[in-house]
Amino acid sequence: LIRPVARGHRASVWWSLLGNCLVFDSCDNGVAYRKTCAQAGMNCPNAVTLDGTKLMGNGFVSGDAPPPPLERMDVSFGATPASQSPRMAALEAEGAVLVRLAEALEAAEAAAAQRAEAEPHLQGALHDAEAELEEVANQMAHIDEQVRVLQGSCT
C-alpha cells in the first residue's frame, strides 16, 4: 500500500476497508462531528477513530476505548427527549419572555383605555374650573372697583 504497483490500487483498498466511513483522530472529534450533524438535522455515516473506536450510524460506540461517561457527553445519539433539548430550553425561555411582554402590553392597553375613559371627565372638570376661575376673577375686579369707590368717597 505504501508504493502501489497499479494506479488507484491504494484508493480501492481504502474504499474496500472503509466504504463511506469517516476517519477521525479521536473519539471526541468524532462525537463533535456527530453533534454538528445532529444540530444541522443531517444523518451521519459510520465513523472510526485512529485508536480503533467505531461510531456507528445508529449512535452505538464500540472498540477498545470505552466511551466517555454520559455526564461528560455533550451529545447522545438517537432521539433526545424534547424536555432535554437545548433548543427546547431556548424556546421555553423565549416563550416566558413573550408571556411577560404580552402581560405588559395588556397592562399598557388597559391603562390607555382608562386614560381615554377619564379624558372627557378631566376635560369637563378643567372647563368647569376655568369658568369658576373666570367668575372669581370678575368678582375680584368688582370688589376692587368697590374698594376704589369707597376710598374715593372717604377722602
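Predicted model, so just to flag it, every value in this text is computed and none were measured.

Looking only at helices and strands, one finds three helices and four strands in the chain. Here the chain holds 155 residues, and 12% of them are scored as buried. Of all intrachain contacts in the chain linking residues separated by at least 6 positions in sequence, the fraction that spans at least 24 positions is 35%.

So, on to the nonpolar core. Here is a general trend for soluble globular proteins: nonpolar side chains tend to be buried in one another's company. Within the largest apolar cluster, five residues are counted, these being Phe 24, Cys 27, Val 31, Ala 47 and Leu 55. Once you skip the residues sitting within four places of it in the chain, Phe 24 turns out to touch Asn 29, Gly 30, Tyr 33, Ala 47, Val 48, Thr 49 and Leu 50.

This brings us to the pattern of salt bridges. A full pass over the atoms with the stated rule returns two salt bridges. Across the pair Glu 119 and Arg 115 runs a salt bridge whose closest N-O atoms are separated by 3.9 Å. With a gap of four residues between them, Glu 119 and Arg 115 both fall in helix 3 (residues 86-154), about one helical turn apart. Residue class for Glu 119 comes out partly exposed when judged on its relative accessible area of 31%. Taking the shortest distance from any N to any O, the salt bridge between Arg 148 and Glu 145 comes out at 3.3 Å. Here Glu 145 and Arg 148 lie together in helix 3, a separation of three residues that amounts to about one turn.

Here the focus is helix 2 (residues 27-40). Here helix 2 is 14 residues long and its end C-alpha atoms lie 20 Å apart, about the 20 Å a rise of 1.5 Å per residue gives. What helix 2 keeps buried is the set Cys 27, Gly 30, Val 31, Arg 34 and Cys 37. The buried residues of helix 2 occupy one face: seen down the axis, they fall within an arc of 120°. Those residues of helix 2 that are exposed and aimed more than 90 degrees away from the buried face are Gln 39 and Ala 40. Among the structural elements, strand 1 (22-24), strand 2 (47-49) and strand 3 (54-55) are those in contact with the buried residues of helix 2. Two residues or fewer after helix 2 comes Gly 41, characterised by a positive phi angle close to 75°.

Cut-offs used in this document
Residues numbered from 1 in each chain as written. Predicted model: local features only at pLDDT ≥ 70, side-chain atom pairs only at ≥ 80, totals over all residues. Heavy atoms only, no water. Helix = DSSP H or I, 4+ residues; strand = E, 2+ residues; numbered from the N terminus. Buried < 20%, exposed > 50% of the residue type's maximum accessible area, 1.4 Å probe, protein only. Contact = heavy atoms within 4.5 Å. Core = buried A, V, L, I, M, F, W, Y, C linked by side-chain atoms within 4.5 Å. Salt bridge = Lys/Arg side-chain N within 4 Å of Asp/Glu carboxyl O. Expected span 1.5 Å × (residues − 1). Arc of directions from axis to C-beta.

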